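Reading the structure
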Amino acid sequence: MSTTFAKNRPWAKFGLTALLLLVAGLLLSPATSHDNLDRLPGALLLSASASFDQAVLHFTLLPRLTMALLVGAALGFAGTLVQQVLRNPLAAPTTLGVAAGAQLVLGLVMLLAPGLLLWREAWAMAGGLGALGLVLMMGARRGFDPLTLTLCGLIVSLYLGAINTVILLFNQEQLAGLFIWGAGELSQNDWASTLSLIPRLLLASGIVLVLWRPLQALDLGTEGVRSLGLSPGTIRTLALALAVYLTALTVSHVGVVGFIGLAAPAIVRMLGARTLRQRLLASALTGALLCLVADGLAQQLTLAFGHLLFPTGAATALIGGPILLWVLTRNRLMSPPSRQDVVMASSRRKFSRAGVVGLTILTLLSLVVTLTLGPTWQGWQWTLPGGETAILAMRVPRMTTALLAGALLAGAGVIVQRLTRNPMASPELLGISTGAAMGMVLLVLTVGNGNRALQILAGGLGGTLVLLALLALSRRSEFSPQRLLLGGIAVSALLDAGIRMVLAMGDAQAVTLLNWLSGSTWLSGQTDALALIILTPVLALLALLASRWLDLMPLGDSAARSLGLPLAPVRLLLLLLAAVMTAAATLVVGPLSFVGLMAPHLARLLGYQKALPQLLAAFIIGSLLMLWADWLARSLVYPYELPAGLVATLIGGGYFLFRMYRTPG
Amino acid sequence: MPAFFDVRNLAVRIGDTAILHGIDLAFNEGQVTALLGHNGSGKSTLLKALARQIPASAGEVLLEGQSAKGLGARAFARVVGYLPQHPPGTDGLTVRELVALGRYPWRGPLGRYSEEDHALVDQAITDTDLKPFAHRSVDTLSGGERQRAWIAMLLAQQTRCLLLDEPISALDVKHQVETLRLVQRLANQRELTVIVVLHDVDLASRFCDRLVALKAGQVVADGAPAQIMDSQVLESIYSVPMGVMERAPGQWISYVH
């Protein structure tokens, strides 16, 4: 095997990395602290005369250390499997909705029938498999095409996550534990969990190692696999099922430990592992060590802060994020993903006048209905202008905000998807909205809620900092799409961990934050509406002016360059534009995740393929989505409110999955 | 008059690997040149260096006696057109929309397309026999039709030079010949400078004025088809024993022993 590792002695590099991680992990982990090392012989074979400290070591610290290694290995393994099947370096077990599915089912069980929680593992598995089943059902319609699978996985993930958040919002007291569990918690109080995990992990990994050759053949693409006499569908299904099994095992025991499945395979690949077997083994080892370090860090931080519980899942991102960023800046040649063609439904229709007229009528109708109709204290009523001005005065600013924010996100989505030639890309993948969110979260933590201007300032600062970091990171590669996306994901994961951590601390303010994070429009007042009224037309116009660039970007670097497009400056400008659009929308309606992904797709499904019509249609669709989402959010559970962003995800996601299912490949 | 392209002591390295070194070549205006060589000989890299797709590690490329580096991206794209070996997916664009993108170097991000632009686009579509497909999505076409759509885009670009990287690799014999004939005809009509990477020596000798062969990043043969179509020269290029027959004046057939 070592002969295939020809250049630059990657084994040495890999060995050094592994050693560094191991040393860091052992230094951080309380189980291997100086005092505990002395107690180790006695603690391993616990006798009746053992001291209390030895018992603690035996029953909590050592199992926890083992658990960290096992969980990390399983996630690294599963991550490599998923990436091999989807042939996409951005894919991770979480991409397939497995974690979200498991979390949702566990939350529901906890709420409805706490007695059944005994079979935690089975419930998590059921949830994960259910989510995967949904994804595969869509994938099957298009021959398990990797891109479709990834896309459906992402949507299902967001969709289930949204439902989960709704449940959380209405049942905070009962489900407080789920906050923590959602961030990955590795505490143990005996060996039972660990011992039950070992044989299952060994079994699953054994099957994978036996099957590595057909799995490796997936590198050849669907046609290639078939021409070797294998069934691509069967191999992919089997591999994914195994990956889910591994993930669900870890989820049911310790909760969502998110970042390792993405970081370990990426690190291993950049250190030079090429064949599937090398990558599987190396990323299992890397994952285990990463998790060890992260868990050690989490325990140290928990000790340092005393009363606050620092979840391991948050620490994995704190560790994995910087490592991924470091590897990204160091390695000039990153193994590119397989040729990525954009294969969203190209059901091309005539660019019809009827479509334009239809959209216009729909917009006008929507405006009238959402403005005038709604529940009041006297029940559902039409409130006409000249009627109760107070109600209209309350509705107009937030409607305006929703409308304009929707348009901005849609525009940013079109730009980002065309810029990165990746239909899965969305503004929040670049980490800008997460950066803004983090700014707000920090503000709330340090000064309390603050006033609106202060919040906007903090959010804007956060978004800008992330953007600057991202630009610095990808400057050397001329802002290449792949690197931007990977960098963005690393930054998002890092910040997301911070946010989840804050939520897990169980502060009273966590709920306010959760509300904002899920896209609530209720804070929007006249100042927000005014700011957007001024900003949106300018930004939208700029996007429209850039539409010819946006037409050229998807043609690929060499074609775009040979047509005279100066790639680096054009990418920079487009990126800045998308970032400003995202940040402006995020600041007033929260880091909504769905409109920027969905509006460009819907525009395309309606037949608007070129940049200019796509942009225009996406603006309208994005606005409409947010408008109705806002309307539903304030009408459905009147006098309570749902966050509009959540509702947008629920409507849009449902429609999207339906379309994906209906349109064959 | 200076040569259209003047390549001086050009070297290209990727990492530690030297792909090209010590290339000295001049390409004259109106000349159709084929780049030959076995796989990995550096012919595609040379084409990319000429197209400014990759930077030179040493040496320089002069465009009409001036350093090509100084020219702006669009100004360069109005003079030199390049067709990559594997054009990417086109994301739902129709043939006509794709071809119209070829007018970008002339109109820029904001300039309006005039009657002349539309006429040039139509002409390019007619020249490549794509009229029946003009409003079909490029993604739904066959490999050959797709390749012709990209060539049509290059034609609409109205450059004075075409750099084609294996433009006929996905075509059947009929379309191979027709494409090369089209290139030859355009080169004559518009005084185009054409440099094309080809695998088929016989077709190259038939349609090109000059054949340049690379081997391990260096020029090993350079001359008119009559000079290159010789069993010893071909053998030195491809490292297999080869023979050549001249069936008729200007029509050679090479074969492997």
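As the structure is a computational prediction, the values presented were derived from the model and not from experiment.

**Observations concerning the overall build of chain A**
Helix and strand counts for chain A stand at 27 helices and 2 strands. Counting only residues that meet the buried cut, chain A has 59% of its 665 residues in that class. A separation of at least 24 residues holds for 78% of the contacts in chain A among residues at least 6 apart in sequence. Counting every atom, chain A has about 25,900 Å² of accessible surface; 70% of that belongs to carbon and sulfur.

**Overview of the overall build of chain B**
Looking only at helices and strands, one finds 10 helices and 12 strands in chain B. Looking at chain B as a whole, 53% of its 257 residues are labelled buried. Within chain B, contacts between residues at least 6 apart in sequence are counted, and of these 65% link residues at least 24 apart. Accessible area for chain B stands at about 10,900 Å²; split by element, carbon and sulfur atoms hold 50% of it.

**Some points on the interface of chain A and chain B**
Contacts between chain A and chain B engage 24 residues on the former and 31 residues on the latter. Both faces considered, chain A and chain B share a buried interface measuring about 2,500 Å² in area, 57% of it formed by carbon and sulfur atoms. Contact with chain B buries surface across chain A, with R548(A), L555(A) and L563(A) losing the most and accounting together for 28% of the total. Counting across the chain A and chain B interface gives 0 salt bridges. The interface formed by chain A and chain B contains 7 residue pairs in polar contact (both at pLDDT 80 or more). Of all elements in the fold, only helix 22 (547–552) and helix 23 (557–562) of chain A reach the threshold of two or more residues within the side of chain A that touches chain B. In terms of residue count, the dominant contributor to the side of chain A that touches chain B is helix 23 of chain A (5 residues). For the side of chain A that touches chain B, the per-class residue count stands at 10 nonpolar, 6 polar and 8 charged.

**Points about the pattern of salt bridges**
Within this structure, the stated rule accounts for 15 salt bridges over all chains. Between D117(B) and R103(B) there is a salt bridge, with its nearest N and O atoms 2.7 Å apart. Remark: R103(B) occurs in the loop between helix 3 (95–101) and helix 4 (104–107) and D117(B) occurs in helix 5 (residues 115–127); sequence separation between them is 14 residues. Residue classification places R103(B) among the buried positions, given a relative accessible area of 2%. K174(B) is paired through a salt bridge with E178(B); the nearest N and O atoms lie 3.7 Å apart. Of this pair, K174(B) and E178(B) both sit in helix 7 (residues 173–190), 4 residues apart, roughly one helical turn. Residue classification places K174(B) among the exposed residues on the basis of a relative accessible area of 51%. Judged by relative accessible area, which is 31%, E178(B) ranks as partly exposed. The network of salt bridges with common partners includes R398(A), D630(A) and R634(A).

**With respect to the sheet that holds strand 10 (residues 218–223) of chain B**
Residues and elements named next belong to chain B. An order of 6-7-8-3-9-10 is seen for the 6 strands of this open sheet, with the pairing classed as mixed. Pairing within the sheet leaves two strands with one partner each, and these edge strands are strand 6 (80–83) and strand 10. Each strand of the sheet is rotated relative to its neighbour by a mean of 15°, with strand direction disregarded. With respect to the sheet, helix 6 (residues 143–156) is in contact with strand 6 and strand 7 (161–165), its orientation differing from that of strand 6 by roughly 170°.

**Section: the sheet that holds strand 2 (residues 17–27) of chain B**
Residue and element names in this part refer to chain B. Spatially, the 4 strands line up as an open sheet ordered 2-1-4-5, and their pairing is antiparallel. Two strands in the sheet have a free side with no partner beyond their single neighbour: strand 2 and strand 5 (66–67). As defined by bridge partners, strand 4 (residues 58–63) adjoins strand 5 across 2 bridges and the pair is classed as antiparallel. Each bridged residue has a counterpart across the sheet, and for L63 the counterpart in strand 5 is Q66.

**Some points on a nonpolar patch on the surface**
Residues and elements named next belong to chain A. Among the surface-exposed residues, L19, L22, V23, L26 and L27 lie close enough to one another that they form a single nonpolar patch of about 450 Å² accessible area. Mapped onto the elements, V23 comes out in helix 1 (residues 10–28). On the accessibility criterion, V23 (42% relative accessible area) is partly exposed.

**Regarding the packing of helix 5 (residues 120–141) of chain A against helix 11 (residues 232–254) of chain A**
Residue and element names in this part refer to chain A. Close contact between helix 5 and helix 11 brings their axes to 9 Å; oriented N to C, the two are set at 145°. Between helix 5 and helix 11 lies a crossing of right-handed hand. Facing helix 5, whose interface residues are R120, E121, A124, M125, G128, L129, L132 and L136, helix 11 presents T237, L240, A241, V244, Y245, A248, L249, S252 and H253. Counted by class, the contact of helix 5 with helix 11 contains 11 nonpolar, 4 polar and 2 charged residues.

**Thoughts on the nonpolar core**
Judged by nonpolar contacts, the single largest core of 216 residues is most densely connected at L555(A), L565(A), L574(A), M581(A), L98(B) and V194(B). In terms of residue count, the dominant contributor to this core is helix 3 (residues 52–86) of chain A (16 residues). For this core, the domains that each give at least three residues are domain 1 (8–330) and domain 2 (359–662) of chain A. Non-local contacts of L565(A), meaning those with residues more than four positions away in its chain, are made with W549(A), L552(A), M553(A), A560(A), V570(A), A73(B) and Y104(B). Core analysis: the second largest hydrophobic core is formed by 28 residues, L46(B), L47(B), V61(B) and V79(B) among them.

**Brief notes about the side chain of Q176(B)**
Relative to the assigned elements, Q176(B) resides in helix 7. Residues in contact with Q176(B), not counting those within four places in the same chain, are I168(B), L171(B) and L203(B).

**Description of the confidence of the model for chain A**
Residues and elements named next belong to chain A. Per-residue confidence for chain A gives a mean pLDDT of 78, with 79% of residues at or over 70. In the model, residues 1–7 has pLDDT below 50 throughout and makes 11 contacts with residues more than four positions away in sequence or in other chains. Across residues 332–348 the pLDDT falls below 50, and counting only partners more than four positions away or on other chains, this stretch makes 41 contacts in the model.

**Some details on the environment of T80(A)**
Residue and element names in this part refer to chain A. By secondary structure assignment, the location of T80 is in helix 3. You can call T80 buried: its relative accessible area is 1%. Taking the C-alpha atoms as reference, T80 lies 8.6 Å from A284; in sequence the two are 204 residues apart. Aside from chain neighbours lying at most four places away, what touches T80 is P265, L276, R279, L280 and S283. Within the structure, T80 has its side chain in polar contact with the side chain of S283 (distance 2.4 Å).

**What about the packing of aromatic side chains?**
A complete count under the given rule lists 2 aromatic pairs over all chains for this structure. With 5.3 Å between their ring centres and 80° between their planes, W628(A) and W631(A) make a pair best called edge-to-face. Residue W628(A) and its partner W631(A) are located together in helix 26 (residues 611–635), separated by 3 residues, close to a single helical turn. For the pair F4(B) and F5(B), a centre-to-centre distance of 5.5 Å together with 90° between the ring planes defines the contact as edge-to-face. Both residues of the pair, F4(B) and F5(B), belong to the buried class. Over the face of the ring belonging to W106(B) we find R78(B), whose NZ or CZ atom lies 5.8 Å from the ring centre.

**Quick notes on the packing of helix 2 (residues 34–44) of chain A against helix 3 of chain A**
Residue and element names in this part refer to chain A. At a minimum axis separation of 9 Å, helix 2 and helix 3 run at an interaxial angle of 85°. Classified by the interaxial angle, the pair formed by helix 2 and helix 3 is roughly perpendicular. Between helix 2 and helix 3, the residues in contact are N36, R39, L40, G42, A43 and L44 and D53, Q54, L57, H58, L61 and L62, respectively. Grouping the constituent residues of the contact of helix 2 with helix 3 by class yields 6 nonpolar, 4 polar and 2 charged.

Parameters at a glance
Residues numbered from 1 in each chain as written. Chains lettered and ligands numbered in written order. Predicted model: local features only at pLDDT ≥ 70, side-chain atom pairs only at ≥ 80, totals over all residues. Heavy atoms only, no water. Helix = DSSP H or I, 4+ residues; strand = E, 2+ residues; numbered from the N terminus. Buried < 20%, exposed > 50% of the residue type's maximum accessible area, 1.4 Å probe, protein only. Contact = heavy atoms within 4.5 Å. Areas by Shrake-Rupley, 256 points an atom, 1.4 Å probe, with all protein chains shown as cover. Buried area = accessible area lost by both parts, 1.4 Å probe. Salt bridge = Lys/Arg side-chain N within 4 Å of Asp/Glu carboxyl O. Polar contact = N/O pair within 3.5 Å; in protein donor to acceptor, adjacent residues only side chain to side chain. Nonpolar A, V, L, I, M, F, W, Y, C, P; charged D, E, K, R; others polar. Pairing = 2+ DSSP bridges. Axes fitted to C-alpha atoms, helices over the stretch in contact; angles between N-to-C directions. Patch = residues over 30% accessible without salt bridge, like charges linked within 9 Å, V, L, I, M, F, W, Y side chains within 5 Å. Left-handed = near helix turned anticlockwise from the far one by under 90°. Core = buried A, V, L, I, M, F, W, Y, C linked by side-chain atoms within 4.5 Å. Domains from an automatic or database assignment. pLDDT = per-residue confidence, 0-100. Phe/Tyr/Trp six-rings, centres within 6.5 Å; stacked < 30°, edge-to-face > 60°. Lys NZ or Arg CZ within 6 Å of the ring centre and 35° of its normal. Parallel < 35°, antiparallel > 145°, perpendicular 65-115°, else oblique.

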